[in-house]
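Topology and contacts: notes
Now for the letters of each chain:
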Amino acid sequence: MPSFPWCRTPMMAVLLLAASVLQASAQEVRPPARIPSFTMMDSSRYEQREMGIRYAYRFADSTQHVAATAFVYPVPAERLAKPAAEQIAEEAREFVASLDGGIGQGWYRSVTVVVDTARAWDATDGSHPGHLVAAVLRRDDGNLASFMHLMLLGDHYVKTRLTLPAEEWRTSMAPNFGPDLFAALAPPAPAPR
């Protein structure tokens, strides 16, 4: 174990070492500031470390009403020993189940999931396991098309959410947000030892 001469106890040294590893881990996966048609506007870290970091993006075509967000967060410890396909499947199931929460919150009247499938996504180092969910969110003022792209990158999930008016999605480049962001990601650096 590294020595920290200014530490009064071995326990303090262990705590400092653990904190430095956690800090390095949080820096491993960083979405790009720009990808085709999108620019990062801001980011915020959730108070609970396991919820990770949220990155908000702006779509270049200001005539379309697009909400685009990326989330980077650690795979829960209880899933790490499972095969990658199971880690992805469990997270995707939780996401699909969470869509009904938007009805309870009054964000929309109903949800229809039209695509819910495992698929691989490309990053800078090759293909990684992932998932795609596409849904129609029905509201009183019109329907929304919602896309969730999920990728497992090392011991982190990278999830993108994109929502736009349903009538715009077929002619928009916006639904490429997730795959474009994934293609620009580098694999996480190994944690320092």
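Quick caveat: nothing in here was measured; it's all calculated off a predicted structure.

In terms of regular secondary structure, the protein is built from 3 helices and 8 strands. Each helix (α) and strand (β) of the protein, taken in turn from the N terminus, gives the series α-β-β-β-β-α-β-β-β-β-α. Classification of the 193 residues of the protein by burial places 39% in the buried group.

Within the secondary structure, S146 is located in strand β7 (residues 142–153). At a separation of 3.0 Å, a polar atom in the side chain of S146 contacts the side chain of R161. Excluding anything up to four places from it in sequence, S146 contacts V133, A134, A135, L137, R161, L162 and T163.

Before going further, it helps to examine the packing of aromatic side chains. Scanning the entire structure with this criterion turns up 6 aromatic pairs. Taking 5.2 Å as the distance between ring centres and 65 degrees as the angle between the ring planes, the aromatic pair formed by Y57 and F177 counts as edge-to-face. Of the two residues, Y57 is situated in strand β3 (residues 53–59) and F177 in helix α3 (residues 177–183); the sequence distance between them amounts to 120 residues. The exposure class of F177 is buried, given its relative accessible area of 0%.

Looking now at the nonpolar core. The biggest cluster of nonpolar side chains holds 27 residues, and the ones touching the most others in it are F38, Y57, V158, L162, F177, L181 and L185. Contributions of two or more residues to this core are made by β3, β4 (67–74), β5 (110–123), β6 (126–139), β7, β8 (156–165) and α3. Ignoring any residue separated from it by four or fewer positions in sequence, one finds F38 in contact with A33, Y57, R58, F59, V66, A68, L162, A174 and F177. F71, I88, A135 and L152 belong to the second-largest nonpolar core, a separate cluster that totals 16 residues.

Overall, the coordinates contain 7 salt bridges when judged by the stated rule. E90 is the salt-bridge partner of R79, the closest N and O atoms lying 3.0 Å from each other. In this pair, R79 sits in the loop between β4 and α2 (84–104) while E90 sits in helix α2, placing the two residues 11 residues apart along the sequence. Pair check on accessibility: R79 and E90 agree, each one buried. We classify R79 as buried; its relative accessible area is 4%.

Our focus in this paragraph is the environment of F59. Looking at the secondary structure, you find F59 in strand β3. Placed 23 residues apart in sequence, F59 and P36 show a C-alpha to C-alpha distance of 9.2 Å. Once you skip the residues sitting within four places of it in the chain, F59 turns out to touch S37, F38, Q64, V66, S172, M173 and A174.

Once that is clear, we can look at the sheet that holds β5. Spatially, the 8 strands line up as an open sheet ordered β1-β2-β3-β4-β8-β7-β6-β5, and their pairing is antiparallel. Every interior strand has two partners, whereas the edge strands, β1 (34–35) and β5, have only one. One ladder, built from 10 bridges, connects β6 with β7; its direction is antiparallel. Across the sheet, residue L132 finds its bridge partner in β7, namely H149.

Basis of the calculations
Residues numbered from 1 in each chain as written. Predicted model: local features only at pLDDT ≥ 70, side-chain atom pairs only at ≥ 80, totals over all residues. Heavy atoms only, no water. Helix = DSSP H or I, 4+ residues; strand = E, 2+ residues; numbered from the N terminus. Buried < 20%, exposed > 50% of the residue type's maximum accessible area, 1.4 Å probe, protein only. Polar contact = N/O pair within 3.5 Å; in protein donor to acceptor, adjacent residues only side chain to side chain. Contact = heavy atoms within 4.5 Å. Phe/Tyr/Trp six-rings, centres within 6.5 Å; stacked < 30°, edge-to-face > 60°. Core = buried A, V, L, I, M, F, W, Y, C linked by side-chain atoms within 4.5 Å. Salt bridge = Lys/Arg side-chain N within 4 Å of Asp/Glu carboxyl O. Pairing = 2+ DSSP bridges.

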